[in-house]
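# Close look at the chain arrangement
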Amino acid sequence: MTSATEAISVWVRQESQSQDAAGVNAMMDLVAAEVAGQAISTERIAGREGLGDHLVLRAGPQNGQAPVLVLSHLDTVHPKGTINGPLPLRVEGDKFYGPGLYDMKAGAWLALQAFREALSEGLLTRPVTFIFTADEEIGSPTSRALIEAEAKGARAALITEPARQGGRIVTARKGTASFEMEIEGRAAHAGVNHALGRSALREAAHQVLTLEGMTDYEAGTTINVGQLKGGTVTNVVPQFASLKIDGRVSSLAAGEDLVRRVLALTPRTPDTTLHIRGGMNRPPYEKTPEVAALFDLAKGLAAEIGFTLEDVPMTGGGSDGNFTAALGVPTLDGLGIDGDGAHTLQEHGLISSIAPRQALMKALLRSL
């Protein structure tokens, strides 16, 4: 292994699923240890709701200029034990496998090194705020307010989520919505009094078709009913059912329309009731002229380093970049390692992408 892969291995071996507060906090300890003794102030924000801490690093000249904001999350989707079971840490050619390595510990690590190097070499011309969060993979419930507070007035936001499709970066993401629907019908003996029952599962079937019928690929809106639960045993007409629903939209207006339509749904089956809650979780991140200008800067810096940088069309996955972009902060995302297999047992990064991506992050911190 190279020195970079060895260092990243330390981070990957420390498993840190979002709900494992101890594991996430151990990751924050690793970051804090790396910056100890440097001219970097650290603020550790205690976790809540059973989740891990957040860590805020600040450095650079305090000259009154708007800061650059860098965002990385250190939580992963992989449960503890994954590294000793179905996804062991290993190198196969250029592919570097491990749970959370691609999404996004390698990107967080290389960005931290770029930050430290730019600081020690005197390259920072404005303040930099670097936030490591604990809960991005579950929707950033305890970090969103922190991110938005730090983003207000920032010069730019740089997000170290993994690169896409051959190293391309992200300049637009769909907004995400989440809903839960609870359905109540009327229980009855399925053999003796079937006609008296009002099946919550029958009503759920109607609602699934209605909800998924809201998908409009041309408009960029999708609805996915990801969970349907209900019933007890086969000889009882089910009284209760529930749905969990994911929505993706390409604009604020589309998000408002989707929320209105979902919350306005009514029962199709007589004598059943619906209880629906939810709404937008992450606002859309659109490629504004300011985002396009920031991408052009990054593209030029990449060319100086020696590689071609491209971006992808608006992607359906959300990130903390959605929050910064919605505040009007020019945002670049997907600045982390190249690779594939996020959230799967084939998750891996490409070793060959570490050095150029680190150099790009350093150049951005120098140039902004």
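Just so we're clear, the structure is a prediction, and the values are computed from it rather than from any experiment.

### Quick word on the nonpolar core
Residues W11, L57, L112, F115, F132, L158 and L365 are the most contacted members of the largest nonpolar core, which totals 55 residues. With sequence-adjacent residues up to four places away left out, L112 is seen in contact with W11, V31, E34, V35, L57, F130 and F132.

### Considering the UniProt feature "active site" (unreviewed entry) in the protein
UniProt's feature table lists "active site" (unreviewed entry) at D75 and E136, given in the numbering used throughout. For the annotated residues, spread through 62 residues, the largest C-alpha to C-alpha distance comes to 6.9 Å, consistent with a single compact locus. When you line up the elements, D75 lands in the loop between strand 3 (68–73) and strand 4 (90–92). Beyond its immediate stretch of four places on either side in the chain, D75 contacts S16, S18, V24, T133, A134, D135, E136, E137 and I138. Side chain to side chain, D75 and S18 meet in a polar contact 2.6 Å long.

### Description of the domain arrangement of the protein
Assigned domains within the protein: domain 1 (4–173 + 285–367) and domain 2 (175–282). The centre of domain 1, based on its C-alpha atoms, is set 36 Å off from the matching centre of domain 2. Taken together, the contacts link 14 residues of domain 1 with eight residues of domain 2. Here domain 1 packs against domain 2, burying approximately 720 Å² in sum over the two surfaces, 41% of which is carbon and sulfur. Where domain 1 touches domain 2, the interface holds two salt bridges. The interface formed by domain 1 and domain 2 holds six residue pairs in polar contact (both at pLDDT 80 or more) in total. Tallied by class, residues from the side of domain 1 that touches domain 2 come to two nonpolar, seven polar and five charged.

### Points about unusual backbone geometry
A cis amide bond links D103 with the next residue in sequence, M104, at an omega value of 0°. Note that M104 resides in helix 3 (residues 101–120). Its identity is not glycine, yet S140 carries a phi of approximately 60°, on the positive side. Secondary-structure assignment places S140 in the loop between strand 6 (128–133) and helix 4 (144–151).

### What about helix 6 (residues 252–263)?
The terminal C-alpha atoms of helix 6 lie 17 Å apart, and with 12 residues this matches the ideal 16 Å at 1.5 Å per residue to within 8%. A254, G255, L258, V259 and V262 are the residues of helix 6 that are buried. Down the axis of helix 6, the buried side of the element spans an arc of 135°, and every buried residue falls inside it. Structural note: helix 6 exposes A253, E256 and R260 on the side pointing more than 90 degrees away from its buried face. The secondary structure elements touched by the buried residues of helix 6 are strand 9 (175–184), helix 5 (200–212), strand 11 (222–230), strand 13 (240–249) and strand 14 (273–282).

### Some remarks on the sheet that holds strand 14
Taken together, four strands build an open sheet; the order of strands is 11-13-9-14 and the sheet is antiparallel. Strand pairing shows two members of the sheet lacking a second neighbour, strand 11 and strand 14, which therefore form its edges. For this sheet, the mean inter-axis angle between neighbouring strands, taken without regard to orientation, is 15°. Bridge analysis of strand 11 against strand 13 gives eight bridges, and the strand direction is antiparallel. Looking at the pairing, I223 lines up with G247 of strand 13. Running over the sheet, helix 5 touches strand 9, strand 11, strand 13 and strand 14 and is turned about 170° from strand 11.

### Things to note about the pattern of salt bridges
Counted according to the given criterion, the structure contains 21 salt bridges. Among the ionic pairs, R277 bridges to E182, the shortest N-O distance being 3.4 Å. A residue pair is termed long-range when its members are at least 10 positions apart, and R277 in strand 14 and E182 in strand 9 qualify at 95 residues. You can call E182 partly exposed: its relative accessible area is 37%. Among the ionic pairs, R248 bridges to D246, the shortest N-O distance being 2.9 Å. We classify R248 as partly exposed; its relative accessible area is 22%. Note on D246: relative accessible area 26%, which makes it partly exposed. Members of the salt-bridge network, linked through shared partners, are D29, R44 and D53.

Cut-offs used in this document
- Residues numbered from 1 in each chain as written.
- Predicted model: local features only at pLDDT ≥ 70, side-chain atom pairs only at ≥ 80, totals over all residues.
- Heavy atoms only, no water.
- Core = buried A, V, L, I, M, F, W, Y, C linked by side-chain atoms within 4.5 Å.
- Buried < 20%, exposed > 50% of the residue type's maximum accessible area, 1.4 Å probe, protein only.
- Contact = heavy atoms within 4.5 Å.
- UniProt positions renumbered as here; feature names shortened; annotations may be inferred.
- Helix = DSSP H or I, 4+ residues; strand = E, 2+ residues; numbered from the N terminus.
- Polar contact = N/O pair within 3.5 Å; in protein donor to acceptor, adjacent residues only side chain to side chain.
- Domains from an automatic or database assignment.
- Buried area = accessible area lost by both parts, 1.4 Å probe.
- Salt bridge = Lys/Arg side-chain N within 4 Å of Asp/Glu carboxyl O.
- Nonpolar A, V, L, I, M, F, W, Y, C, P; charged D, E, K, R; others polar.
- Expected span 1.5 Å × (residues − 1).
- Arc of directions from axis to C-beta.
- Pairing = 2+ DSSP bridges.
- Axes fitted to C-alpha atoms, helices over the stretch in contact; angles between N-to-C directions.

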